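Here are the chains, one letter per residue:
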Amino acid sequence: VRARNADPMCSFGDFVAVSHEVDVATASILKIEVSDGIIAPGFEPEALEILRAKKGGKFIVLQADNEFVFPEMEYRMVGGIGFMQKRNSKICDAECLKK
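Quick caveat, the model's predicted, so the values are computed rather than measured.

Student: Break down the side chain of Lys 54 for me, with residues and values.
Tutor: Within the secondary structure, Lys 54 is located in the loop between helix H2 (45-53) and strand E3 (60-63). For the buried Lys 54, no salt bridge is present, and the opposite-charge side chain at shortest range is Glu 33, 7.6 Å distant. In terms of polar contacts, Lys 54 uses its side chain to reach the backbone carbonyl oxygen of Glu 33, at 2.4 Å. When neighbours within four sequence positions are excluded, Lys 54 is seen to be in contact with Leu 30, Lys 31, Ile 32, Glu 33, Ser 35 and Phe 59.

Student: For the nonpolar core, give the residues involved together with the corresponding values.
Tutor: One finds Val 18, Val 22, Ala 27, Leu 30, Ile 38, Ala 40, Phe 43, Ala 47, Leu 48, Ile 50, Leu 51 and Phe 59 forming the largest nonpolar core, which totals twelve residues. Elements with a minimum of two residues in this core: helix H1 (24-32), strand E2 (37-40) and H2. The leading source of residues in this core is H2, at four residues. When neighbours within four sequence positions are excluded, Ala 27 is seen to be in contact with Val 22, Ala 47, Ile 50 and Leu 51.

Cut-offs used in this document
Residues numbered from 1 in each chain as written. Predicted model: local features only at pLDDT ≥ 70, side-chain atom pairs only at ≥ 80, totals over all residues. Heavy atoms only, no water. Helix = DSSP H or I, 4+ residues; strand = E, 2+ residues; numbered from the N terminus. Buried < 20%, exposed > 50% of the residue type's maximum accessible area, 1.4 Å probe, protein only. Lys, Arg positive; Asp, Glu negative; His and termini not counted. Salt bridge = Lys/Arg side-chain N within 4 Å of Asp/Glu carboxyl O. Polar contact = N/O pair within 3.5 Å; in protein donor to acceptor, adjacent residues only side chain to side chain. Contact = heavy atoms within 4.5 Å. Core = buried A, V, L, I, M, F, W, Y, C linked by side-chain atoms within 4.5 Å.

What follows is the structure, given as structure tokens:
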């Protein structure tokens, strides 16, 4: 939210991605923020009602699949050329930051 607030008038097609269940406090913040949708692994029932009422019921609410496993290889097409690379699955922790 803070990063996008640098220029909120240019906000277009914003989606919020949350890595945990959305609670009422989070939904209440999002209720007043400019965005078009949210994806999260779950929603508290009251939070879901708050979000469903946003944008006259046109706010997009998607539930992420907690069991989804990303494929090992990623593919991209850029200008008609295909690229393939191994997915970056490195997890950076405190030890990684010391290097």
